[in-house]
Each structure stands twice: as C-alpha cells, then as structure tokens.
Amino acid sequence: MSSPSGPAPRAASDLEKNANISRNIVWHETTVDRNARESNLAQRGTVVWFTGLSGCGKSTIANELDRLLIARGAASTLLDGDNVRHGLCAPPSGLAPEHGDEFAERFGLGFSPVDREENIRRIGAVSALMSSAGLITLAAFVSPYRRDRDRVRQMVEAAGQTGDFLEVFVDTPLEICKQRDPKGLYKKAIAGEIPHFTGISDPYEAPKSPEIHLRWREGMTPADAAEEILQAMVDRGVFASRS
Ligand SMILES: Nc1ncnc2c1ncn2[C@@H]1O[C@H](COP(=O)(O)OS(=O)(=O)O)[C@@H](OP(=O)(O)O)[C@H]1O
Ligand SMILES: Nc1ncnc2c1ncn2[C@@H]1O[C@H](COP(=O)(O)OP(=O)(O)O)[C@@H](O)[C@H]1O
C-alpha cells in the first residue's frame, strides 16, 4: 500500500472539474487525499458493478461477496436496486406524501429509459464518491443500458484510475430467471401488470467486455460465484498498493 507520505496528492480530475455546471460552483481540493485513505484501509477504492436481468442473482451474489470481504477485514458496502429505490432513488409515490406531487413528479424515479438513466447516474455518482473514500462498493442494479453503465465507469475512473470499475455480468438465461421468479415479478410482467419490465417488455443490453462474466451453469452456487469475483479482485490488485 502507498503510505500517506508516499505518492503526491492527486488533483481533482478533469471530469470532476468539468462537472461544474456553474461558474459560481468551484471545485475545492480536499486536505486528505485518496492515497492516504486507501493506505489506512489497505485496499483500493473499487466499484464492483453487477448487471443482469431481474432474478439473475445480482443481490444474492453481491451479499455473499460482501460477507467474504468483511470476513477478510476489507471495508466494503453494498448498494442494491430495490433498497436504493426506497431512498435515494425513490418512486414518485414514495416522495409525494412528504414533498407534494410537483416535487414527486420531478424527482421521483420509475423504469422508463430516462428514469433508469437518472437512477444509474445518481448511483454512479455515489459509487464514485465511495471509491474516492477508499471503499469497495458492490452495486447491484439491472442497469440494462450499456451507455448508462459506461458513464458510471467513466465517472469512477475519472475520480481514480483505470481498473477502479469492475463490471460483473451475471449472465443467467431469461428462462432460468423466469423459473426462479423470486419476487413473482415475471408472472406479473407476463400478465401485463408491470410495464417496461426488463427481458419481457423492455430491452437488456448485455456488456460487450465485462471484467467478470459469470455464465450460468447447472450446480453453480452463489458462493462459487462470489469466490470467483474475489479471486479476480485479488488478481487485479485491489488489495495491493497503487503503482
Ligand atoms: N419494470 C421493471 N424492470 C426491472 N425491474 C423492476 C421493474 N419494476 C420493478 N422492478 C424491481 O426493481 C428492481 C430493479 O431496480 P434497478 O434500480 O436495479 O433497475 S435499473 O437499474 O434502473 O434498471 C428489480 O430488482 P431485481 O429483481 O433485484 O433486479 C425488481 O425487483
Ligand atoms: N448460482 C446462483 N447465484 C445466484 N442466485 C441463485 C443461484 N442459484 C439460485 N439462485 C437463486 O436465484 C435467486 C436470485 O435472486 P436475486 O439475488 O434477488 O436476483 P437479482 O438481484 O438479480 O434480482 C435467489 O432466490 C437465489 O437463491
């Protein structure tokens, strides 16, 4: 690991500077830099981004990986689609009682393409902040659009460096997801009760070159999948010092 007195502090990235939407909002350099935080934690701030159809296993595998990481003393956290949509990315119906209809319509999120884009943008920005703090962030979202996922990659890498974003494609066939149907959502979607349902009435754009491609196979357990990702993280130097 780099020591706090080692590498020179990193300046704000171009992307962070360009994120200034107004000349009146000026980037403020922080006193404690990322290297010092990562040195204390003996890890690199990394985003492990799980993408795939509903029911493919994102949450189950991410939870298992989180458990392994905490057991080995790493500092990790988990952002999960269903949970984040209870707060940061709440639907209009979740905001209206407290904030009123106008606010709820403006800031509440559903599943249209533009709402998913904003959902992933918000989560991407949070993930980038967490990785700047040296944390390992496990993010489990359907995130069906390639462009939205690529933008998160850019945001995370702009706050650090190439390799800080690991895309995990949980590649479970739609037929298996439908059979599992852990929340009964496919049944409802096929009956036409849920519009814009990924894989049924909405598209899913598979990653072209994910860092980790978990191809479904008979007998593969969530523990097997989590071990595979952890090994890939070790191999990629997540727990080694930055060069
Ligand atoms: N229309 C539609 N399409 C897909 N998923 C739906 C939909 N409506 C509700 N749900 C439930 O919401 C979870 C997906 O939320 P995400 O934030 O991950 O979606 S996205 O990344 O913005 O596409 C998803 O969670 P997972 O099953 O864990 O993937 C579903 O439980
Ligand atoms: N190898 C596997 N990996 C992940 N989940 C699996 C696996 N085999 C069976 N399952 C089951 O499939 C379901 C996946 O649901 P979940 O993790 O909520 O998916 P998602 O978060 O992608 O919607 C769970 O009920 C889980 O127990």
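Residues numbered from 1 in each chain as written. Chains lettered and ligands numbered in written order. Predicted model: local features only at pLDDT ≥ 70, side-chain atom pairs only at ≥ 80, totals over all residues. Heavy atoms only, no water.

The name given to the chain in an unreviewed UniProt entry is Adenylyl-sulfate kinase, with Rhodopirellula sallentina SM41 as the source organism. Recorded under Function (unreviewed entry), the UniProt text for the chain is reproduced unchanged: "Catalyzes the synthesis of activated sulfate." A UniProt comment under Sequence similarities (unreviewed entry) is attached to the chain, and it reads "Belongs to the APS kinase family." (UniProt positions renumbered as here; feature names shortened; annotations may be inferred.)

Okay, the packing of aromatic side chains next. This structure, assessed with the given rule, holds 5 aromatic pairs. Seen in terms of ring centroids, Tyr-186 and Phe-197 are 5.1 Å apart; in terms of plane orientation they differ by 80 degrees. Their pairing is edge-to-face. With a gap of 11 residues between them, Tyr-186 in helix H10 (residues 185-190) and Phe-197 in the loop between H10 and strand S5 (212-215) connect regions that are remote in the sequence. You'll find Tyr-186 and Phe-197 in the same group, each marked buried. Put simply, the rings of Trp-49, Phe-141 and Phe-165 pair up and form one aromatic cluster. Stacked on the ring of Phe-239, the Lys or Arg Arg-72 has its end atom at 4.1 Å from the ring centre. Its guanidinium or amino end placed over the ring of Phe-111, Arg-85 lies 3.8 Å from that ring's centre, counting from NZ or CZ. (Phe/Tyr/Trp six-rings, centres within 6.5 Å; stacked < 30°, edge-to-face > 60°. Helix = DSSP H or I, 4+ residues; strand = E, 2+ residues; numbered from the N terminus. Buried < 20%, exposed > 50% of the residue type's maximum accessible area, 1.4 Å probe, protein only. Lys NZ or Arg CZ within 6 Å of the ring centre and 35° of its normal.)

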